[in-house]
Amino acid sequence: MIKVFLVEDEVIMREGIRSNIDWEAEGFEFVGEASDGELAYPLIQKSRPDILITDIQMPFMDGLELSRLVKQEQPGIKIIVLTGYDEFEYAKEGIRIGITDYLLKPIASAKLLEAVKKVGELVVEERQFQETFDQERQESLLIARQKFFRGLVLGRKSVSALLGEGRELGLDLAANRYNILLFQISASDDREDYLEAYNRAVSEIKEKAAALSEIFMVELGMEGWAFILMEKEEKDLEGVQREFMQFLRDTLGGYEGIRYFGGLGTPVGRLSELNKCYEEAGHAFAYRYLREDDQIIGSGDLPDRIRTQQEPDLRSLEVGKLDRRVAERFLKTGLKGEVAGFVDGYFAGFGEKNMESLLFRQYVVMDMYFAAVALLEGLGYGAEDLVERCGDIQDMTVVFSSAQSNREYLQKILEATIDLREAVSQKRYHSLLKEAKNYIRRHFEDEDISLNAVAASVNLSPNHFSSIFSQEAGQTFIEYLTSVRMERAKELLRTTAMKSSEIAYAVGYKDAHYFSSLFKKTQECTPGEFRQKV
């Protein structure tokens, strides 16, 4: 609701305004009143009204002085001044302050309500403008941060360039030491309330990361998040890591049905070394397919196959390590860049010396091969598609000649399967994108259309949807929505005599000035100039 505050020194008039209008029924919330500006000012600071109705001449602090103070703290507040015929000089001063409207006293309740409703429309329009602006800014910032992070971990830019780009994004990356945490949350089952819980958890984590200067959070879409952890002067890196990881555990532990996994790299002392840190964090992160959920592991926690010295002993093998569900889980959701780390961890779990057994190596590779075939058949492929890319396993005795040959062939199977899986995903994403675009075209006139609403229409989280949309459409959600609205606006300018303000409303903009500004920015001419051209 739109909040209204009243300041009037005449008791009868004040009570009449408060009582003779059914504020709630008219869509307003009457949040307070006072008899003069001095009493009103602290109450206004607390209640933060959208509209202030005030008399000009009052004892202790008049309406203009009150308006000047309030405007300094709340520039967007709308002020309606009640004034008499002999107070024109006050009115001129009010124009300089930014008063929205003047009403002559005495005034009937119906006339006052009419004026308040008009001002209320301005409040709603400005809210929409601000929401649209914030949405555009957030989406652009998300993409900019992702691009910056990719450049950061590739290690191809100079430190000065990275620091400069960071400053442009409002990031201070100067620190004594750095580390990277890769993190992902998902549903433990097919819970209907997962999306709601996920969004709440994401909001908590975002808020926490934004409040800490030593943490830079990047949303990576389907891959989860990356956190750059930094050692500033006031806190050592180990303390930053420990406290933030504990926060993640405590927060996500409070959501039933949410699981998580994190991979932590090894600290580095230079910004230019973050690519090494990212590689190690990625290796640890790949172990989410081999470890239980709800863990954050460091690269130092991983098995070291070089140090493994045990003799071949299949009796020492943990039966759980042979669980095909581990392989199936990776085949369903793993990324191509994680294959090498997964295979290393998969082999290490069996014991390197046990892999010297030819029989055991045959079993491991065949089991993975059949798991891959089963997944691909479920996606509409056949075993021949895998054979075409990896060769027929029955004719490849060299594959079993050594553990290293097994490892290389296993990587080949996984990479080929992921390539085929991603091809199907691209078709699915293409279908989702088409569905989302159709939704936008059906609802673009709706002022309430948003990234969240469109994401919900295709049953994806906003972050996931934003990443997919940008990747598949080649433009952000806001850019596409704007293009659809502009095309409809041009059609109306060509074929109707509607005013620019009417067209703004017709295509989903409640602020005609914002529409005209956006039209000129995207079409390189004003709506009037476009109409003249055609």
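The rules behind the values
- Residues numbered from 1 in each chain as written.
- Predicted model: local features only at pLDDT ≥ 70, side-chain atom pairs only at ≥ 80, totals over all residues.
- Heavy atoms only, no water.
- Core = buried A, V, L, I, M, F, W, Y, C linked by side-chain atoms within 4.5 Å.
- Buried < 20%, exposed > 50% of the residue type's maximum accessible area, 1.4 Å probe, protein only.
- Helix = DSSP H or I, 4+ residues; strand = E, 2+ residues; numbered from the N terminus.
- Contact = heavy atoms within 4.5 Å.
- Pairing = 2+ DSSP bridges.
- Axes fitted to C-alpha atoms, helices over the stretch in contact; angles between N-to-C directions.

**Things to note about the nonpolar core**
One finds I440, F465, F477 and F515 to be the most contacted residues of the largest nonpolar core, which totals 35 residues. Of all the secondary-structure elements, those providing two or more residues to this core are α14 (403-443), α15 (451-457), α16 (462-473), α17 (477-495), α18 (500-506) and α19 (512-523). For this core, the leading source of residues is α17, giving nine residues. Beyond its immediate sequence surroundings of up to four residues, F477 is in contact with Q135, E139, I440, S450, L451, V454, F465 and F469. Of all hydrophobic cores here, the second largest spans 29 residues; its members include Y346, V365, L410 and L414.

**Focus on the sheet that holds strand β3 (residues 51-55)**
Taken in spatial order, the five strands line up as β2-β1-β3-β4-β5 in an open sheet, and their pairing is parallel. Each having just a single partner strand, β2 (28-34) and β5 (101-104) make up the two edges of the open sheet. Averaged over all pairs of adjacent strands, the angle between their axes in this sheet comes to 20 degrees, without regard to strand direction. Relative to β5, strand β4 (residues 78-83) runs parallel, the two sharing four bridges. Bridge pairing in β5 links V81 to Y102. Most of the contacts of helix α1 (residues 11-20) go to β2, to which it runs at about 165 degrees, and overall it touches β1 (2-7), β2 and β4.

**What to know about the sheet that holds strand β8 (residues 225-230)**
Within the open sheet, the five strands sit side by side as β7-β8-β6-β9-β10. Their pairing is mixed. A single partner strand is all that each edge strand has here, and the edge strands are β7 (215-219) and β10 (295-298). Pairs of neighbouring strands in the sheet enclose a mean axial angle of 20 degrees, with direction left out of account. One ladder, built from four bridges, connects strand β9 (residues 258-264) with β10; its direction is parallel. In the strand pairing of β10, L264 is matched with G298. Against the sheet, helix α5 (residues 109-154) makes contact with β6 (178-187), β7 and β8, and its axis sits at roughly 110 degrees relative to β7, the strand it touches most. Across the face of the sheet, helix α8 (residues 237-253) comes into contact with β6, β7, β8, β9 and β10 while running at roughly 5 degrees to β6.

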